[in-house]
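Structural features, examined
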Amino acid sequence: MSVNAKETSIVTDLALAPEGHLKIEWVAAHMPVLNRIREQFEQEQPFKGLKVAISLHLEAKTAYLAKVVKAGGAEVTITGSNPLSTQDDVCAALVEDGITVFAKYNPEPKEYKELLIKTLETKPDLIIDDGGDLISILHAERQDLMAQVRGGAEETTTGILRLKAMEKDGELKFPMVAVNDAFCKYLFDNRYGTGQSVWDGINRTTNLVAAGKTVVVVGYGWCGKGVAMRAKGLGANVIVTEIDGIRAVEAYMDGYTVLPMIEAAKVGDIFVTVTGNRDVIRGEHYEVMKNGAILSNAGHFDIEVNKPELDALTASKRVVRRNIEEYKLKDGRSIYLLAEGRLVNLAAGDGHPAEIMDMTFALQAMSLKYVNDNYKALGGTVVNVPYELDEQVARFKLESLGIGIDSLTEEQKTYLESWAEH
């Protein structure tokens, strides 16, 4: 165990480490793609002598990614990207494995930010971010810690939106790879991962049946598609709300009812927000909701469900089950909010399945190597994951499943590359 990690880290209780090790071992046994990359990293040592800072939902799958990056020669420091998704036993296990951890479950907002800053104060060469918090703090508040940063990789839609705004304004000082926009991220993680883990979190927390209920999915991007698909599979009646006409038509053709939010609010039993935007459920919607409506969010920040406007309508509030707050409105109705409006799949569950995060975190690891190899040429830009890396992750996944696929013949390649009349 690294004495430095033990002395430097800020965690809740190092005695929790044994349970954390078991969690990490379990996911590692179900992450064959990341295991393949770990073998490569151990041989090649692509991060030898470099410091890597990671801000992700700090649970077992993330912990294993950190161990893979460390296996590539890096000195790794990790923090959480959401106060309610950090698992204290996993943090303790990582410290025993020589990784510096600045993270606790449910810290106060001030302490949460302090832990992010402490992570940056290690002066990393490379960064893996989730939601853009580390990058935002670096650029807006702590440019003194930016000098040796070569670049990094961003996990989510929300973070990429922030990065692209910075790039547009000419403020982004180093390259960031948009992992969320890779095929192996949004097709599988966003759709199948979010789709399953959101309902894992809702079902575990409420202990209520989904069949027969009206579920309102707010936003029909890849995450919304997954949430709606799984709700339908559970027997729910699904309504989709959208601001994008193309996505609204897609939802309609996928068999869902499409309504404006003000109309959906009147009939929904369970609401799931997946937009990355703020205030998509707000005061005017609370005023028409049914008694007993359940609100949840699967977007990165707890701003999609407007809590101040809900508070303004509330006479009293209490916790009725772990991760369920009852808002008793002044007119007598009750509205229930899950996990404080934070990511319901992580704050009230274990996040995406290990096999899904295997592919996403493989992309993170390979993208980090890519940006380290090319940062001088890339400059202050938001960079797409190269297709070759994306496809390599898919091929590793197929190999782990024992699935083979075809290859083009030379004649087929020539045909596809020819513009002349065939």
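Quick caveat: nothing in here was measured; it's all calculated off a predicted structure.

**A look at the packing of aromatic side chains**
- Applying the stated criterion across every chain, the model contains 5 aromatic pairs.
- Aromatic pair Phe41 and Phe47: ring centres 5.4 Å apart, planes at 85°, arrangement edge-to-face. For the residue pair Phe41 and Phe47, the accessibility class agrees, reading buried in each case.
- Residues Phe183 and Tyr186 carry aromatic rings whose centres are separated by 5.8 Å and whose planes lie at 45° to one another, so their mutual orientation is tilted. One end of the pair, Phe183, and the other, Tyr186, are both in helix H9 (residues 183-206), 3 residues apart, so they sit about a helical turn from each other.
- We classify Tyr186 as buried; its relative accessible area is 18%.
- Aromatic ring contacts, followed pair by pair, group Phe183, Tyr186, Trp222 and Tyr387 into a single cluster.
- When the ring centre of Trp222 is taken as origin, the NZ or CZ atom of Lys225, which lies over that ring, is 4.8 Å away.

**Considerations on helix H8 (residues 157-168)**
- Spanning 12 residues, H8 covers 16 Å between terminal C-alpha atoms, matching the ideal 16 Å at 1.5 Å per step.
- Burial in H8 covers these residues: Thr158, Gly159, Ile160, Leu163 and Met166.
- Along its buried surface, H8 packs onto helix H7 (133-140), strand E5 (151-154), strand E6 (176-178) and strand E15 (382-384).
- Downstream of H8 by a residue or two, Gly170 has a phi angle that is positive, lying close to 75°.

**What about the state of the cysteines?**
- Applying the stated criterion to the full structure yields 0 disulfides.
- For Cys223, which is in no disulfide, the shortest distance to another cysteine sulfur is to Cys184 and amounts to 15 Å.

**Points about the sheet that holds strand E9 (residues 257-258)**
- The 8 strands lie next to each other as E9-E8-E7-E10-E11-E14-E13-E12, forming an open sheet whose pairing is mixed. Lying at the two open borders of the sheet, with one neighbouring strand each, are E9 and strand E12 (314-321).
- With 5 bridges connecting them, strand E7 (residues 214-218) and strand E8 (residues 237-241) associate as parallel partners. Residue Val216 lies in a different strand from E8, and its bridge partner there is Ile239.

**Focus: the packing of helix H3 (residues 32-44) against helix H17 (residues 387-401)**
- Two elements in contact, H3 and H17, have axes separated by 8 Å at closest approach and are oriented at 115°. Taken together, the axes of H3 and H17 lie roughly perpendicular to each other. Here H3 runs over H17; the crossing is right-handed. Contacts from Pro32, Val33, Arg36, Ile37 and Gln40 of H3 reach H17 at Val393, Phe396, Lys397, Glu399 and Ser400.
- Here the contact of H3 with H17 is composed, by residue class, of 5 nonpolar, 2 polar and 3 charged.

The rules behind these values
- Residue numbers here run from 1 along each chain, matching the order of that chain's written sequence.
- Totals for whole chains, interfaces and linings use every residue, but because this is a predicted model, local features are given only for residues with pLDDT of at least 70 and side-chain atom pairs only at 80 or more, for both listing and counting.
- The side-chain figures draw on all heavy atoms in the structure; neither hydrogens nor water molecules are used.
- For Phe, Tyr and Trp, where Trp contributes only its six-membered ring, two rings pair if their centres lie within 6.5 Å, and the inter-plane angle classes them as stacked under 30 degrees, edge-to-face over 60, or tilted in between.
- Only protein chains enter the accessibility calculation, which uses a 1.4 Å probe. A residue is then buried if its area is under 20% of the maximum for its type, exposed if over 50%, and partly exposed in between.
- What counts as a helix is a DSSP run of H or I of at least four residues, what counts as a strand is a run of E of at least two, and both are numbered from the N terminus.
- By the criterion adopted, a ring carries a charge over it if an Arg CZ or a Lys NZ lies within 6 Å of its centre and within 35 degrees of its normal.
- Expected helix span is given by 1.5 Å per residue-to-residue step, counting one fewer step than there are residues.
- A contact between two residues is defined here by any heavy atoms of the two lying within 4.5 Å.
- Cysteine sulfur atoms that pair up within 2.5 Å are treated as a disulfide.
- For two strands to be treated as a pair, DSSP must find at least two bridges joining them.
- In this analysis, axes come from line fits to C-alpha atoms, helices being fitted only over the stretch in contact, and the angle between any two N-to-C directions falls in the range 0 to 180 degrees.
- Working rule for angles: under 35 degrees goes down as roughly parallel, over 145 as roughly antiparallel, 65 to 115 as roughly perpendicular, anything else as oblique.
- Here a crossing is taken to be left-handed if its near helix is turned anticlockwise relative to the far helix by less than a right angle, and right-handed if that turn runs clockwise.
- In this count, Pro and Cys sit with the nonpolar residues alongside Ala, Val, Leu, Ile, Met, Phe, Trp and Tyr, while Asp, Glu, Lys and Arg are called charged and the others, Gly among them, polar.

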